[in-house]
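# Coordinates in review
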Amino acid sequence: MGRVPFTRRRFLTTTAAASAATLGAPYIRTARAAGKLSIGFWDHWVPGANDTLTAICRDWAKQEKVDLTIDYLTSQGNKIQMTATAESQAQAGHDLLQFLAWYPLSLAKTLEPVDDVMAGLLKQYGKVSPAIDYLCQSQGHWIGVPAVTGTQVKVPCGRIDLLKSQCGIDVQAMYPADKPPTKEADNWTWDNFVVAAEKAHKAGNPFGLGLGQTTDSVDWVGSLFASFGAQLADAKGNITVKSDAVKRVLEYSQRLVKALPPDVFAWDDASNNRFLISGQGSLIFNPPSAWAVAKRDNPKVAEQLWTFEMPKGSQGRYAPFLPFLWGVWKFSKNKPAAKSLLTHLLQRGNVEKLVNASGGYDIPSFESMRDFKIWQEVSPPKGTVYHYPPRADQVTWMACAPAPTNIAQQMYVQAIMTKMIAKCTQGGDSIDKTIGWAASELEGYMRT
Amino acid sequence: MANAVVQTASLPATRRRLRRLARYRSTVAFLMALPLIVLIAALVIYPAFYSLHLATLNKSMERFVGLGNFTFLFRRDLFWMVVKQSVIFAVSAVFFKALIGFVVAHFVHNIPAKGQRKWRGMLLVPWVIPPAMSTLAWFWLFDPSYSAFNWVLTRLGLGAVSWLGEPSWARFSVILVNVWYGAPFFLIMYLAALKSVPEQLYEAAAIDGANWWQKIWYVTLPMMRNIIAITVLFSLIVTFANFDIVRILTAGGPIDQTHVFATWAFQLGIEGGDIPLGACVSLFMFPILGVAAYFILRDINKRGSQA
């Protein structure tokens, strides 16, 4: 059989036929047509909360034809933090990861900008907490979006009965269920707070405010400093610790510490919960997890718990805010799918489902989403967490803001503010010496 | 064709060479050790050099800064505090582990052989429990508000102690837990050493009129010197690099007064996002342990050559 020469004309005919066949073939969209997506979410401590998140993601994946894998990573033993650091170093791992507050900024170079996602969400739902602006933006780009699960504020959770009988404070009158704060709430100031703490201490049920190095301690102390206008470093990175405001807040702390249990310097994030649930303490700063555990372990205490706003200082009322964030790695092979999921998760309906699944523990970062019914419904007592989501004049505040984040992260992790209080109280140092020590530490954090 | 002839001719020669090579014991030994060498290279040597590389980068890991991180650390008071604390922690913990191990080894050695195994097993329990778990139990015992220790102290009218909240008590507590965990290792090593001391030496000493203390000083201790040196060196390395006990009990607090190299490096590198500085801190253990290892091993070698 003779060979037919492969001419230019024949090549054109063949390729044209092949192209026509390809284009004309029926398109079969499989269940995995939009590729794979691997996610690492924070492992929620509320039973069932992970299931709701999984269900929302699965529904989305089914609709978008994405092959989805979800891992739940605990923050116990810093597992989620180490995963973020390791994946950033290795340039491999999940496509989408949940981060603790400071991590997106410290790993910004390895994160995909999500300006398009945030632009749409901001247009839909309005502004986010100032702390989210601070933690999610790097060099003019959004590098993360506020996660719903795990985001919390650590506001006062106090005993209705003990605060009334020992301190003369009627928290339900100041913060009634289903209603905005009354005029009496104007008197809920740091000055009156310390007087109440002294009365409670004298009566044998002190306030339980941790002064250790874990987040519960650092967060409330950050809000205390902010209420006094005490900044350790300004937004430009100048050290501003040598100020009258810092002196005033330390003097205040010296008085307050005398009214606290002597071991607060060793407290971790569980110590204050135990202190309240056991019936020993009359007030702590915490999300409603303490109340939720009390409901199970000591219902009589739970029936007397009421969550309300932070005290007000000369510079305002600041709620200690600790957000979780979601981000997409630059090395992700399916960025469009990851971004689509982020948009889906932050739709109001889904946010409400997630908040409900957490029993009202999770706080949405979009201020327009703090009117969900769950906060009215949970009980006992009815209305116990109605004032948990920050509203009205309360500013959600990230401790160590507004310092540039490379400095602020070190300030936060090294717990410089709680250490300052410890130094000038337990450590016996003078306020001036403490401020001098802090200035030297801050110089060290300036390293680039 | 010519190539094929050359190949067949060279095959027996290659085999011969291989056989000759295999006859050397050292070659076989090397080949058998090769998997371990590869494992050590991948899991120890590579990370060690990588951490050296990291320690020479700036905070954002974009620029080579040479020894800049090291000089930065030398200027920090906290660094010198961590050095001091690491030394106090390691030296005091190893001293007490060795002392308790030595004393208890003598007690166990003197128990009749029949019941000795039971005691040996029980005394080893702290060493075989994963330290993270046992330290958590200690954490509960030390709990500031609800600890069993404080409950007993309060019942006795002595008042509660802030075990982990007051700097000196916190240091005491982390050392105590390390001693509790590590003493059984010394016990078992010293017990083995005691069993290998020839009975005739004690008999000869008794004939010379040596009392109990003189037997220990002139017979037992000289016979155990090498094993004491090795166990001290080994424990010093492990204790210096300790992470879990301090991390679980105090996380370095209060006011950084219990930080050791490993916990501070973790806080700086992983929690604080400054990996180069964290790597730099962890590398400081190496020269300190290197000096200790040099002197201890030199003594052992000297005694070995004298013998």
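Anyway, here's the lowdown on the structure attached to this text. These numbers come from a predicted model, not from an experiment.

Helix and strand counts for chain B stand at 15 helices and 0 strands. Its C-alpha atoms give chain B a radius of gyration of 26 Å, more than 25% over the compact-globule value 19 Å for 307 residues. Once the C-alpha set of chain B is aligned to its principal axes, its extents read approximately 100 × 70 × 35 Å. Counting across all 307 residues of chain B, residues that qualify as buried make up 31%. For chain B, the share of sequence-separated contacts (at least 6 apart) that also reach a separation of at least 24 residues comes to 64%.

Residues and elements named next belong to chain B. Interhelical geometry of helix α2 (residues 25–54) versus helix α14 (residues 275–283) gives an angle of 120° and a closest axis separation of 8 Å. Regarding the angle of α2 to α14, the classification is oblique. Note that α2 runs across α14; the crossing there is left-handed. Contact with α2, carried on its side by S51, L52 and L54, involves I275, P276, A279, S282 and L283 of α14 and no other residues of that element.

A few words now on helix α5 (residues 115–125) of chain A. Residue and element names in this part refer to chain A. Regarding α5, the residues found buried are V117, M118 and L121. An end-on view of α5 places all buried positions within 90° of arc, on one side of the element. Seen from the open side of α5, the exposed residues pointing more than 90 degrees away from its buried face are D116, A119 and K123. Looking at the buried residues of α5, the elements they touch are β5 (141–142), β6 (145–146) and α15 (335–345).

Here we take up the pairing of strand β8 (residues 156–159) of chain A. Residue and element names in this part refer to chain A. Here β8 shows two buried faces, one formed by P156 and G158 and the other by C157 and R159. Pairing analysis gives 3 bridges linking β8 to strand β10 (residues 305–307), with the strands arranged antiparallel. Residue G158 lies in a different strand from β10, and its bridge partner there is W306.

Another aspect to go through is the interface of chain B and chain A. Contacts between chain B and chain A engage 20 residues on the former and 31 residues on the latter. The dominant element in the side of chain B that touches chain A, judged by the number of residues it contributes, is helix α13 (residues 261–271) of chain B, at 3 residues. Residues of the side of chain B that touches chain A, tallied by class, amount to 8 nonpolar, 8 polar and 4 charged.

Turning to the pairing of strand β1 (residues 36–42) of chain A, a few remarks are in order. Residue and element names in this part refer to chain A. For β1, the buried fraction is high: 5 of the 7 residues fall into the buried class. Taken together, the 7 bridges between β1 and strand β2 (residues 67–73) define a ladder with parallel strand orientation. The partner of I39 across the bridge, within β2, is I70. Remark: the β1/helix α2 (residues 49–64)/β2 crossover connection has right-handed handedness.

What counts, and at which threshold
Residues numbered from 1 in each chain as written. Chains lettered and ligands numbered in written order. Predicted model: local features only at pLDDT ≥ 70, side-chain atom pairs only at ≥ 80, totals over all residues. Helix = DSSP H or I, 4+ residues; strand = E, 2+ residues; numbered from the N terminus. Rg over C-alpha atoms; globule rule 2.2 N^0.38 Å. Buried ≥ 20, exposed ≤ 12 C-beta atoms within 10 Å, placed from the backbone. Contact = placed C-beta atoms within 7 Å. Axes fitted to C-alpha atoms, helices over the stretch in contact; angles between N-to-C directions. Parallel < 35°, antiparallel > 145°, perpendicular 65-115°, else oblique. Left-handed = near helix turned anticlockwise from the far one by under 90°. Arc of directions from axis to C-beta. Pairing = 2+ DSSP bridges. Nonpolar A, V, L, I, M, F, W, Y, C, P; charged D, E, K, R; others polar. Right-handed = clockwise from strand over helix to strand, strands pointing away.

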